[in-house]
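# Summary of the model geometry
Take a look at the letters that make up each chain.
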Amino acid sequence: MVEPFPLYSTEFDRDPFAAYASLRDTFPCYWSEEAQMWVLSRYEDVLSASLEWSTFSSLKGNLLDEIPGRTGNTLGSTDPPRHDRLRRLAQTAFARGSIGHLQERIIQIVDCVLSEIDDVDSFDFSAQFADRITVRVLFELLGLPHRDPNEVRAEVQAAMSTDKSIRAKNRTQIAAYTRLTAFL
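Please read these numbers as outputs of a predicted model, since none were measured by experiment. (Residues numbered from 1 in each chain as written. Predicted model: local features only at pLDDT ≥ 70, side-chain atom pairs only at ≥ 80, totals over all residues. Heavy atoms only, no water.)

## Quick notes on unusual backbone geometry
Following P80, the chain continues to P81 via a peptide bond in cis, the omega torsion being 5 degrees. Note that P81 resides in the loop between α3 (43-51) and α4 (82-94). Positive phi outside glycine occurs at Q36, with the angle close to 55 degrees. Note that Q36 resides in the loop between β1 (29-32) and β2 (37-40). For R167, which is not a glycine, the phi torsion comes out positive at approximately 55 degrees. Considering the arrangement of structural elements, one finds R167 in the loop between α8 (149-160) and α9 (171-183). Overall, the relative accessible area of 43% leaves R167 in the partly exposed class. (Helix = DSSP H or I, 4+ residues; strand = E, 2+ residues; numbered from the N terminus. Buried < 20%, exposed > 50% of the residue type's maximum accessible area, 1.4 Å probe, protein only.)

## Focus on the packing of helix α7 (residues 125-142) against α8
In contact at an axis separation of 9 Å, α7 and α8 are set at 95 degrees when each is read in the N-to-C sense. The angle between the axes of α7 and α8 places the two elements in the roughly perpendicular class. In contact with S126, A127, D131, R132, V135, R136 and F139 of α7, α8 contributes P149, N150, V152 and R153. Class assignment for the residues of the contact of α7 with α8 results in five nonpolar, two polar and four charged. (Axes fitted to C-alpha atoms, helices over the stretch in contact; angles between N-to-C directions. Parallel < 35°, antiparallel > 145°, perpendicular 65-115°, else oblique. Contact = heavy atoms within 4.5 Å. Nonpolar A, V, L, I, M, F, W, Y, C, P; charged D, E, K, R; others polar.)

## Points about the pattern of salt bridges
Scanning the model with the defined rule gives 11 salt bridges in all. Put simply, R70 and E66 hold a salt bridge, and the shortest N to O gap is 2.8 Å. Just as R70 is buried, E66 falls in that class too. Here R147 ties to E155 by a salt bridge, and the two come within 3.8 Å at their closest N and O atoms. (Salt bridge = Lys/Arg side-chain N within 4 Å of Asp/Glu carboxyl O.)

See below:
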């Protein structure tokens with residue numbers, strides 16, 4: 001049987017929105033034989049499941065194919081009480097009072113990124129604007145050394161991707177994750 005939602009296809013990656021709509025409309029709770037996982041596609045169902053962490057645990061991860069050693073070590077792959085502790089730490093770190101001193105620097109970063117795209121007719125909002133600002137602000141906030149936002153974006157994309165041919169993470173993807181965690 002051919003799955004109606006081939007999660008490991010490049011076509012699905014290229015344009016998942018039609019499949020998302022179909023999942024929401026026709027298969028709100030879908031078992032993917034190929035990925036050996038349940039897919040919830042409606043907001044209300046996802047919200048409900050997120051509140052029932054003892055039934056719908058995050059401890060096995062939250063990616064199509066998990067990175068070895070990642071589960072249980074990130075906010076998205078933990079359950080209470082560890083999740084609650086990590087979330088409080090993150091909320092405190094990113095609260096206005098904690099980052100208010102960076103307001104002028106953030107404005108400088110945004111102005112710099114805007115100047116880089118000022119004279120173009122079109123641009124990729126995510127890659128050329130939002131990602132660059134996010135990386136630069138996070139690095140500033142965390143006191144990390146400057147690093148090319150495009151390089152960071154490429155590393156994150158590689159680490160979060162799945163090798164469709166083997167339906168798992170390949171060595172390159174795992175190495176990208178390892179480099180990112182070592183850097184951080």
